[in-house]
Amino acid sequence: MTYWAELVELYEYKVADVLAGRVPRGGRRSLADLRDILLAAPLEPVLYRRLIQADRQYRAGWSTERGQPQSSRPLPALTWTAPVLGDTPEAHAWEELQQLAWLATLRANLLHLGRTLQAEPGLLTLRALYAVVENADRDARGVAQRLAVPAAQDPLVSLHHPEVTRDLMLTLADQLFHPAGRARIRVALGRVQDIPFPRHPDADVLEARVEAAGREPLAPPAREALIQALHAAFPETRDPRERPAIRAAARSLHKVLEDLLKDAPGPTLGVMPPRSILYAAHASAALPAPDDGAKQLVIRLEGGRAARWRGLELRWQPVGPRGQTPSWQLQVDGQIVLLHPNRPPAERILILSTPRLSLRAALSGGYLLLRVEESSGEALGLLAAQARAVALLLDPAEHSANLRLAQAATRHLQGEPVNVSAFDPDTADKPAALPAATLFTGARRSVDLLIRLAHLSPTQVEAAVQTSAALLGLPAPRAHRLAKALHAATYVPESLPTAQLLTQVNVPEDGRFVSVRLTEEPLTLRVLGRALTLRLDHQGHLAAVLPGFPAALLHDLLVLRLPGGQVLLVHEGDVLAVAAQPLRGPSTQFP
């Protein structure tokens, strides 16, 4: 079968790497595992002869390297003894990096759980979880009074808002990150399960006041009004019929959280995998060169300044005043980020998106962990929502009103005065006169900035859009549409169909996304009456090519304006999602 030929060819490449003195992709253990599989496989005579020839070269190279006579016995995989670094900064950094990697996964899982629980009628589980997190926080601060599970329509909780649930889940992740926080969460969860509605500490005072009011020499209506006023000053009495359902939700939460905590890394006691850190301070832990087959890379930043891993150029340098713990400036294929070792754990974790890979980075002191993220439908869906927002800003209707509104709202949020004349279509620079690539870059920058601001305060972003619309004389429905698109780009990923393995795709013109799994072969998209081709250029970047026009590079997101409509392209890993939507206003040429 075809895959046996491909595996034999892969084995030949790995053997060639070993004979050339290089570490084979995936490491030598993967080479030994592949050899065992092929020796037991039902290969055709031609493939079997190729396997034996490559195996002879491998064994000859092994014998020369080891200074031992050749043998027909299967070769063992190379193994190393795990170094024991003890109580050293390098061992502590390794342990914390594993914990930060788990924290990143925990945060992602809890955010997904929060969106799932928001679909539950009555938000019962979310309400129970809110009480658990709040009571655990009160325990940490030494507050004795416990919070009851809130009511479904409690206006002070607002769990139906996505950003409120998101903040709740991230707070829970921060508490679960520390062993003491886990213990507090378990205690609070047990208490909610036992007593969902704890007795208010002033309940006896209320009963005494109500009893005294009943003895007042008042007319019955006045006496009843007084009693109602006394009850209004205390929390509403909860329906006891909710107790069984809340206890069941607490038991379900307990199981879910325990499943998430199973993967929490324990103390390493100074023991770490061999050859695990690039530029390590200890020779026994040093990785000779980055392994392109590995899914993670740990770097001691003080030991070097550059590396190449999985086709990515990595460069870094310390920044900050001398004599203090340095921050680090990291460059990944031209993308620059700042890493601060003194920040809280969650702020030392970030995502780096490149045209080829999505990386999760974590920092512990002067040690950096880079881990390849699997292609995520949710991440791609969020990019699709962001592409919708960028396309909205690129709509040329009413002299690019959406773009002018977004730029004015950005100025307002940054505390700068909004000069109305600078955004007047009669006096301001005409966006339609700008090159399409420049226009796209500006719209993408505006959306990215507004998304970052929305993470800090979504209500302020919406208010700024509405205020700016009023200043520019734009209708309220336009401001509402832009605010809604920015909210979706921040919190609500689009639901994308399963990616298909195709080389030609007819893209519908109703705005629906279609998903395609990319290969090394070019992909042709029939969209808006044209043939748009996606292929890798000479530098390995994905390029969108339309005959007669210069190519446009697709990193993670691209919006193209063609006659009659817009093409939205988002890309992560080997998955591409594309949509086409009509455009009523004037159009510009392909960038």
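See the structure above.
The text that follows walks through the structure, step by step, so that each part is easy to find. This structure is a prediction, so every number in the text was calculated from the model and none was measured.

## Considerations on empty space enclosed by the protein
So, point 1. Applying the stated criterion to the full structure yields 3 cavities of 30 Å³ or more.
So, point 2. Forming the walls of the largest cavity are L518, T519, E520, E521, P522, L523, L534, R535, L536 and L542.
So, point 3. Counting residues per element, the lining of the largest cavity draws most heavily on strand 14 (residues 530-536), at 3 residues.
So, point 4. When its residues are assigned to classes, the lining of the largest cavity shows 6 nonpolar, 1 polar and 3 charged.
So, point 5. Estimated volume of the second largest cavity: approximately 40 Å³.
So, point 6. Considering the residues around the second largest cavity, the lining is formed by L176, I185, R186, L189, H254, L257, E258 and L261.
So, point 7. Those elements that provide at least two residues to the lining of the second largest cavity are helix 7 (179-194) and helix 10 (243-261).
So, point 8. No other element matches helix 10, which puts 4 residues into the lining of the second largest cavity.
So, point 9. In the lining of the second largest cavity, the residues fall into 5 nonpolar, 1 polar and 2 charged.

## Overview of the packing of helix 5 (residues 124-141) against helix 6 (residues 162-177)
The description of two helices packed together rests on the angle between their axes and the distance between the axes.
So, point 1. Look at helix 5 against helix 6: their axes get within 10 Å of each other, and the N-to-C directions meet at 45 degrees. With respect to their mutual orientation, helix 5 and helix 6 come out oblique. Every pair of crossing elements has a handedness; the one defined by helix 5 and helix 6 is left-handed. Along the contact surface, helix 5 presents L126, L129, Y130, V133, A136 and D137, while helix 6 presents T165, L168, M169, T171, L172 and Q175.
So, point 2. Among the residues making up the contact of helix 5 with helix 6, the classes are represented as 8 nonpolar, 3 polar and 1 charged.

## Examining the sheet that holds strand 16 (residues 552-553)
So, point 1. Reading across the sheet, the 5 strands line up as 11-13-14-15-16 and stay open at both edges, with mixed pairing between neighbours. Strand pairing shows two members of the sheet lacking a second neighbour, strand 11 (504-506) and strand 16, which therefore form its edges.
So, point 2. Relative to strand 15 (residues 542-545), strand 14 runs antiparallel, the two sharing 4 bridges. Along strand 15, the bridge assignment pairs R535 with A543.

Conventions we followed
- Residues numbered from 1 in each chain as written.
- Predicted model: local features only at pLDDT ≥ 70, side-chain atom pairs only at ≥ 80, totals over all residues.
- Heavy atoms only, no water.
- 1 Å grid on protein atoms, 1.4 Å probe; cavity = no way out; pocket = protein on both sides within 12 Å on 5 of 7 lines; lining within 4 Å.
- Points joined across faces, edges and corners; volume = space filled by probe spheres on them.
- Helix = DSSP H or I, 4+ residues; strand = E, 2+ residues; numbered from the N terminus.
- Nonpolar A, V, L, I, M, F, W, Y, C, P; charged D, E, K, R; others polar.
- Axes fitted to C-alpha atoms, helices over the stretch in contact; angles between N-to-C directions.
- Parallel < 35°, antiparallel > 145°, perpendicular 65-115°, else oblique.
- Left-handed = near helix turned anticlockwise from the far one by under 90°.
- Contact = heavy atoms within 4.5 Å.
- Pairing = 2+ DSSP bridges.

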